[in-house]
Amino acid sequence: MSWTEIVVEVARHQAESLSDAFMAAGALSVSVEDADLGTSAEQPIFGEPGMEPEQAAWERSRVVALVDEGPDHAAIVAAAARACGLDIVPAYDLRSVADQDWVRLTQSQFEPIHIGKNIWVVPSWHDAPDPDALILELDPGLAFGTGSHPTTRLCMEWLETEIRARQSVLDYGCGSGILALVAKKVGAGNVIGVDIDPQALHAAEFNSARNHCQIEYLLPDAFARAHPAGDYFDVVVANILSGPLTLMAPMLASRVAAGGALVLSGVLAEQADDVIAAYAPHIALRVSGELDGWVVLTGTAAN
C-alpha cells in the first residue's frame, strides 16, 4: 500500500489550525516542519526536557498531511482551507510515500548509546556492543530518559563514578527510571524513584523488570507517606527543570543524609547561579559538569 503527503506552506499563526483541519478532513497524520529547513534561515525550536515550546511552528511553516493515495487531494486541501478560515485555497505539493517495513525503519534510527566509562544503553532489538559493560536495556518510549539528552548523560556519568556500594539513592523525577537503574547497577542498595506521572512509573517499572533491578517507584504523595520526613538518602538525584528544582530546594535538600550527595540537572548553564542560590541555605552546590550548554550541580550535606 502507498500513501501521499500533501505539503502546504503557511505562516506560523496558520499552522496549528490547518493541521487540525487536515485531521478533520481525513488525514492519517499531520506534522509541521520548518519551511526553511536546511537553509541559513532555519530556526531551531526547543525547550527544556519535558517542556513543549509554546508554539511548535516557525515563521514559515510547512504542514505535511499524510493521506491515502486514492482520495481527491484537491478536495481535501479545499475542505481544510475552508475549515480553518483561509480566504483562498493554498498552493500545495504532493509527495508519494512508498510502503516499507516501518517497524524496522523506526528501530534503525535508535542505536546503542555509549555513556561515561562503561555504560551502554541498548535497545532490545540490538546486541550489546560490549557484553561485559554496564548494560541498560531500554527502548525509546513515552517517559523522558534514554540517555540521549545531555542532562541525563551528565547524571549518569556522575552516578557511574561516585556511587558507593550499598548506598541508598532517591531519584526524584525518575521518568523512565534510567538514573535509578544506573545507581542500582553500580552497586547502590535501596533505590527509590519518584515521579508525578503514572505513565512514567509504569515505564520505569517495566524497565527495572527488564534489567533485573529491584527498585521501588512511587508517586509523590505515596512517597511522602511511605518515607516521611526523617527518611534520608545517601544520594538524592533530580534531573527535572530549573524552575521546579528551585521550588523544591527545601524538600530535596532535607532528604539528603549527613555527608550525602545532592545531584541536580535539567539546568542550563545560564540558570546555574539561580539554582545554586536557592539551595545555598541548605547545601552548597557547584557546577561539576557541563555538556552542550547544560550543567550538573552537585553538593555535599553537612555532617
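Definitions and limits used
- Residues numbered from 1 in each chain as written.
- Predicted model: local features only at pLDDT ≥ 70, side-chain atom pairs only at ≥ 80, totals over all residues.
- Heavy atoms only, no water.
- Core = buried A, V, L, I, M, F, W, Y, C linked by side-chain atoms within 4.5 Å.
- Buried < 20%, exposed > 50% of the residue type's maximum accessible area, 1.4 Å probe, protein only.
- Helix = DSSP H or I, 4+ residues; strand = E, 2+ residues; numbered from the N terminus.
- Contact = heavy atoms within 4.5 Å.
- Phe/Tyr/Trp six-rings, centres within 6.5 Å; stacked < 30°, edge-to-face > 60°.

### Considering the nonpolar core
V121, L136, M156, V169 and V235 are the most contacted members of the largest nonpolar core, which totals 34 residues. At six residues, helix α5 (residues 178-185) tops the list of elements feeding residues into this core. Not counting the four nearest positions on each side in its chain, M156 is found in contact with I115, I119, V121, L136, G147, I178, L179 and V182.

### Regarding the packing of aromatic side chains
Enumeration over the complete set of coordinates arrives at two aromatic pairs. Look at Y172 and F223: their rings are 6.2 Å apart centre to centre, the planes differ by 75°, and that puts the pair in the edge-to-face class. Of this pair, Y172 sits in strand β8 (residues 169-172) while F223 is found in helix α7 (residues 220-226), placing the two residues 51 residues apart along the sequence. Centre to centre, the rings of F223 and F233 are 6.3 Å apart; their planes meet at 35°, and the pair counts as tilted. Linking F223 in helix α7 with F233 in strand β11 (residues 233-239), this pair joins segments that are ten residues apart in sequence. F233 carries the same exposure label as F223, and that label is buried. The rings of Y172, F223 and F233 are connected pair by pair, giving a single aromatic cluster.

Structural measurements only, silent on function.
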